[in-house]
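Notes for the structure review
Now for the letters of each chain:
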Amino acid sequence: MFKKDPLQIITFQSYGTDTHFYMRGRALEDETINLEQKGLFGLFINSWKRFETDEIKHTELRITLPNETVLKTVTDDHGYFKIDENVEGLESLTNEEGWLHFEVAYDDANIKRSIQNSNRFPGKLLIPSYQANFGVISDIDDTIIHTGVVSTLKWKVLLNSIFKNAASRIPLEGAADFYHKLHRGTSGNDANPIFYVSHSPWNLYRYLDFFLKQHTFPKGPILLRSFKDIFKKKSGDQPQKQIEIINILKAYPKLKFILIGDSGEHDADIYIEIAKTYPSQVAAIYLRSVKHKKKMLRVKGLFENYTQTPVLLVESSAQAIKHAKQNGFIK
């Protein structure tokens, strides 16, 4: 008889307001994934584990806030859970950077399995300060990490995700420094919030979180999509990335945002549509240039007659930093 793996809960860094608690996570068996795994076979096994997860379905969970407020939820068919509730006075529970720390636990007395961490799993949620001058919403794929999304048949994406460990992935040069400057703003301690969005499935959350920490990017909510949604998308549906960005803008209607992406896939189309729909909230658009002549020409044409918001096709982080200084985003 095979020994069953212990249970764990993975919480995804999310965001909220003084009166709105919103977070997501997943309950599943511990697959002991080593993100620094070296060796081709080991990397393949780790990647298989990320997608072949043994989720804990239809199980009750409880979320305990620092003031002992308890929220309840239940996992879905794929082990995912979401809390989306109105709760008063959340900002008073945050630290100086605006992070609210809480604990998630299994709340089902019938579970007879071993549970890691004494059934206490930490989570955190960002509530941006009212003193923030702007927020940053950044793509991950080919904006701060090379994925090869413009490569033929996406083979580089597969190769990079499966056969490279998170520690060995190299971020685009100067990206972390640029993001820290945006986070600190003109005063040097503005604590402008950074949100990371990606088309990647939630299965890669720990991989991307580890990458951002390994390369010292500012901490921020990481917003991905369910693997099942990749195959359910209907013609005419908004991309999940676009939906997530709009949700952020609606959560903070008084805050302007800098949108950062790349020129390789659909970021240009998504960002220009958002800027036209929410003109008062988009302060600037930065699109990293990709090595694909046809795609670059299309993007340049898209913004040729667009003057509503400052737009920069970024060749280097130094160029973006210079532009951000000129526009008063950083000092």
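The sections below set out a description of the structure shown in this document. (Residues numbered from 1 in each chain as written. Predicted model: local features only at pLDDT ≥ 70, side-chain atom pairs only at ≥ 80, totals over all residues. Heavy atoms only, no water.)

**Here's the deal with the sheet that holds strand E5 (residues 70–74)**
Across the sheet, which stays open at both edges, the five strands sit in the order E2-E8-E7-E4-E5 with mixed pairing between neighbours. If you trace the sheet from one side to the other, it starts and ends with strand E2 (14–15) and E5, each paired once. Here strand E4 (residues 60–64) runs beside strand E7 (residues 99–106); their pairing, made up of four bridges, is antiparallel. Each residue of the ladder has a partner; that of Thr64, found in E7, is Glu103. (Pairing = 2+ DSSP bridges. Helix = DSSP H or I, 4+ residues; strand = E, 2+ residues; numbered from the N terminus.)

**Let's talk about empty space enclosed by the protein**
Counted under the stated rule, the structure contains four cavities of 30 Å³ or more. By volume, the second largest cavity is sized at about 50 Å³. Lining the second largest cavity, in full, are Glu97, Trp99, Leu126, Pro128, Ser129, His183, Ala191, Asn192, Pro193 and Lys219. Looking at the lining of the second largest cavity residue by residue, the classes come out as five nonpolar, three polar and two charged. (1 Å grid on protein atoms, 1.4 Å probe; cavity = no way out; pocket = protein on both sides within 12 Å on 5 of 7 lines; lining within 4 Å. Points joined across faces, edges and corners; volume = space filled by probe spheres on them. Nonpolar A, V, L, I, M, F, W, Y, C, P; charged D, E, K, R; others polar.)

**Quick word on the packing of helix H6 (residues 240–251) against helix H7 (residues 267–277)**
When two helices pack together, their arrangement is captured by the angle between the axes and the distance separating the axes. One way to put it is that H6 packs onto H7 with a least axis distance of 10 Å and a crossing angle of 30 degrees. With respect to their mutual orientation, H6 and H7 come out roughly parallel. Seen along the crossing, H6 lies across H7 with a hand that is right-handed. Seen from H6, the contacting residues are Lys241, Gln242, Ile245, Ile246 and Leu249; seen from H7, they are Asp267, Ile270, Tyr271, Glu273 and Ile274. (Axes fitted to C-alpha atoms, helices over the stretch in contact; angles between N-to-C directions. Parallel < 35°, antiparallel > 145°, perpendicular 65-115°, else oblique. Left-handed = near helix turned anticlockwise from the far one by under 90°. Contact = heavy atoms within 4.5 Å.)

**Regarding the nonpolar core**
Phe178, Leu182, Tyr196, Phe217, Ile258, Tyr286 and Phe329 are the most contacted members of the largest nonpolar core, which has 38 residues in total. Formed by 28 residues, the second largest nonpolar core is a distinct cluster that contains Tyr15, Ile248, Leu259 and Ile274. (Core = buried A, V, L, I, M, F, W, Y, C linked by side-chain atoms within 4.5 Å. Buried < 20%, exposed > 50% of the residue type's maximum accessible area, 1.4 Å probe, protein only.)

**Thoughts on the pairing of strand E3 (residues 20–29)**
The buried fraction of E3 is high, at nine of ten residues. Taken together, the six bridges between strand E1 (residues 7–12) and E3 define a ladder with antiparallel strand orientation. Of the residues in E3, the one forming a bridge with Ile10 is Arg26. Direction of pairing for E3 relative to strand E6 (residues 80–86): antiparallel, over a ladder of seven bridges. Bridge pairing links Phe21 to Glu85 in E6.

**A word on the sheet that holds E6**
Spatially, E1-E3-E6 is the arrangement adopted by the three strands of the open sheet, whose pairing is antiparallel. At either margin of the open sheet sits one strand with a lone partner, and together these are E1 and E6. Across the sheet, the axes of successive neighbouring strands diverge by a mean angle of 25 degrees, strand direction being ignored.

**A closer look at helix H4 (residues 205–214)**
Most of H4 sits inside the fold, with seven of its ten residues counted as buried. Taken together, the buried positions of H4 are occupied by Tyr205, Tyr207, Leu208, Asp209, Phe210, Phe211 and Leu212. One or two residues past the end of H4 sits Thr216, with phi positive at roughly 55 degrees.

**With respect to the packing of helix H3 (residues 175–184) against helix H9 (residues 317–326)**
Put simply, H3 and H9 touch, their axes get as near as 9 Å, and they point 15 degrees apart. By the angle between their directions, the pair H3 and H9 is classed as roughly parallel. Here the hand of the crossing between H3 and H9 comes out left-handed. Residue-level contacts link Ala175, Asp177, Phe178, Lys181 and Leu182 of H3 to Ser317, Ala320, Ile321 and Ala324 of H9. For the contact of H3 with H9, the per-class residue count stands at six nonpolar, one polar and two charged.

**Observations regarding the environment of Phe329**
Relative to the elements of secondary structure, Phe329 occurs in the segment after H9. Classification of Phe329 by relative accessible area gives buried; the value is 9%. When the C-alpha atoms of Phe329 and Asn133 are compared, they prove to be 8.4 Å apart, with 196 residues separating the residues in sequence. With residues near it in sequence (within four places) discarded, Phe329 still touches Phe134, Leu182, Gly185, Thr186, Ile258, Ala283, Ala284, Tyr286 and Ala324.

**Side note on unusual backbone geometry**
Peptide bonds are, in most cases, trans, and in most cases residues other than glycine have a negative phi. Positioned with a positive phi, Ser118 is a non-glycine residue whose angle comes to about 55 degrees. The residue Ser118 is located in the loop between E7 and strand E8 (121–126) in this model. Positioned with a positive phi, Asn119 is a non-glycine residue whose angle comes to about 60 degrees. With respect to the element layout, Asn119 can be found in the loop between E7 and E8. Among the residues examined, Asn119 registers a relative accessible area of 17% and is labelled buried.

**Some points on the pairing of E5**
Of the two faces of E5, only the one carrying Leu71 and Thr73 is buried; Val70, Lys72 and Val74 on the other face are not. Taking the residues between adjacent antiparallel strands as the criterion, E4 and E5 are bridged by five residues, where Glu68 takes a positive phi near 75 degrees.

**Digging into the packing of aromatic side chains**
Counted by the stated rule, this structure contains 15 aromatic pairs. When the centroid spacing of 6.1 Å and the interplanar angle of 40 degrees are considered together, the rings of Phe195 and Tyr252 count as tilted. Taken together, the residues span a long stretch of sequence, with Phe195 in strand E10 (residues 194–201) and Tyr252 in the loop between H6 and strand E12 (257–262) at a distance of 57 residues. The class of Tyr252 is buried, set by a relative accessible area of 9%. Each residue in the set Phe178, Tyr179, Tyr196, Phe211, Phe217 and Tyr286 is aromatic and connected to the rest through ring pairs, giving one cluster. Lying over the aromatic face of Tyr80, Arg26 brings its terminal NZ or CZ to 4.3 Å of the ring centre. The positively charged end of Lys219 is found above the aromatic ring belonging to Trp99, 4.9 Å away from the centroid. (Phe/Tyr/Trp six-rings, centres within 6.5 Å; stacked < 30°, edge-to-face > 60°. Lys NZ or Arg CZ within 6 Å of the ring centre and 35° of its normal.)

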